[in-house]
Amino acid sequence: MIGTHHNKNTVLFCYGKVKASQIKNYSHVILESAQFTASEIKQIKKVNKTVVAYVSLGEINKTSKHFNELKGLTLGKNKNWDSYYLDLKSEKTKKVLISAIQEAIDKGFDGMFLDNMDNFSKFGPQKEDGNELVQFIKFLSEKFKGKIFIQNAGLDFLAETNKYINGVVVESVASDYSFRTKKYKLRAENDFNSRIATINEAVSKYKTTFILVEYADDKVLFDKIATRLLNYDFHYFVGKINLQTIPNYNSKK
């Protein structure tokens, strides 16, 4: 059991541009590759344990370098994030994703964070392509052998993907964010307990790292989240929903 919440809050998710020198002493760092040079990644890797780049296997937005290549192949829009659903049945889509991953690996990243896997689950907008997702992850693990792959959610796929990945991220376990009202809050206790039970069941089945990602807009909520997670072994991250900065809940808003 890890003693205090302070040394379990060792994960950083940041998709914005920040100084490389500010990123240090994390167990896991997840960044947007386009925001950093190879030299900066080398610097970051010296003072952090695992540094991986973000890639979405399910969606693409207009700011992406590869948007123009794929916009004609998308399958609808996610209004919450102003992004478009990718077609994993398309060979061109997979080719572009592989190219983006190769660019990140060549830049020096240890591996990739695979986002939007829940899109392919039984209640997701891309549920018909679940098998395509699993096969693509298998392909990536073979092509980039020895690299780290961390999937975002997608617990329904773990029975198949656990052989190809090194970690799983689960969002909003202790906290709850509403895209409709744009409000942050603590999740209802019974809902939290149910989510923890589901994760613990997966932990008992699969030998992989589980990381929690929580959302808070002030120190009061941060402290409530940290207290709630105190008795659990999971390392975690707490930040604002847009993940554009390094969180500092000791500073004023």
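The structure we're discussing is the one just above.
Predicted model only: the values in this text are computed from it and were never measured.

About the criteria used
- Residues numbered from 1 in each chain as written.
- Predicted model: local features only at pLDDT ≥ 70, side-chain atom pairs only at ≥ 80, totals over all residues.
- Heavy atoms only, no water.
- Helix = DSSP H or I, 4+ residues; strand = E, 2+ residues; numbered from the N terminus.
- Contact = heavy atoms within 4.5 Å.
- Pairing = 2+ DSSP bridges.
- Salt bridge = Lys/Arg side-chain N within 4 Å of Asp/Glu carboxyl O.
- Phe/Tyr/Trp six-rings, centres within 6.5 Å; stacked < 30°, edge-to-face > 60°.
- Buried < 20%, exposed > 50% of the residue type's maximum accessible area, 1.4 Å probe, protein only.

Turning next to the environment of Ile225. Looking at where Ile225 falls in the secondary structure, it is placed in helix 7 (residues 219–229). C-alpha of Ile225 to C-alpha of Glu214: the two residues are eleven residues apart in sequence and 7.7 Å apart in space. Discounting chain neighbours no more than four positions away, the residues touching Ile225 are Ala174, Ser175, Leu186, Glu214, Tyr215, Ala216 and Val238.

Adjacent strands of a sheet pair through backbone hydrogen bonds, lying either parallel or antiparallel. Taken together, three strands build an open sheet; the order of strands is 4-6-5 and the sheet is antiparallel. Whereas interior strands pair on both sides, the edge strands pair on one side only; in this sheet they are strand 4 (59–61) and strand 5 (77–78). In this sheet, strand 6 (residues 83–85) lies alongside strand 5 in antiparallel orientation, the contact comprising two bridges. Paired with Lys77 across the strands is Tyr84, a residue of strand 6.

Taken as a whole and assessed by the stated rule, the structure comprises twelve salt bridges. Salt bridges sharing common partners tie together Asp176, Arg187, Asp191 and Arg195.

Next up on the list: the packing of aromatic side chains. For the structure shown, the criterion picks out twelve aromatic pairs. A centroid spacing of 5.9 Å and a plane angle of 85° characterise the contact between Phe192 and Tyr232, whose relative ring orientation is edge-to-face. Taken together, the residues span a long stretch of sequence, with Phe192 in helix 6 (residues 189–205) and Tyr232 in the loop between helix 7 and strand 13 (235–239) at a distance of 40 residues. The buried category is assigned to Phe192, whose relative accessible area is 4%. The exposure class assigned to Tyr232 is partly exposed, which follows from its relative accessible area of 24%.

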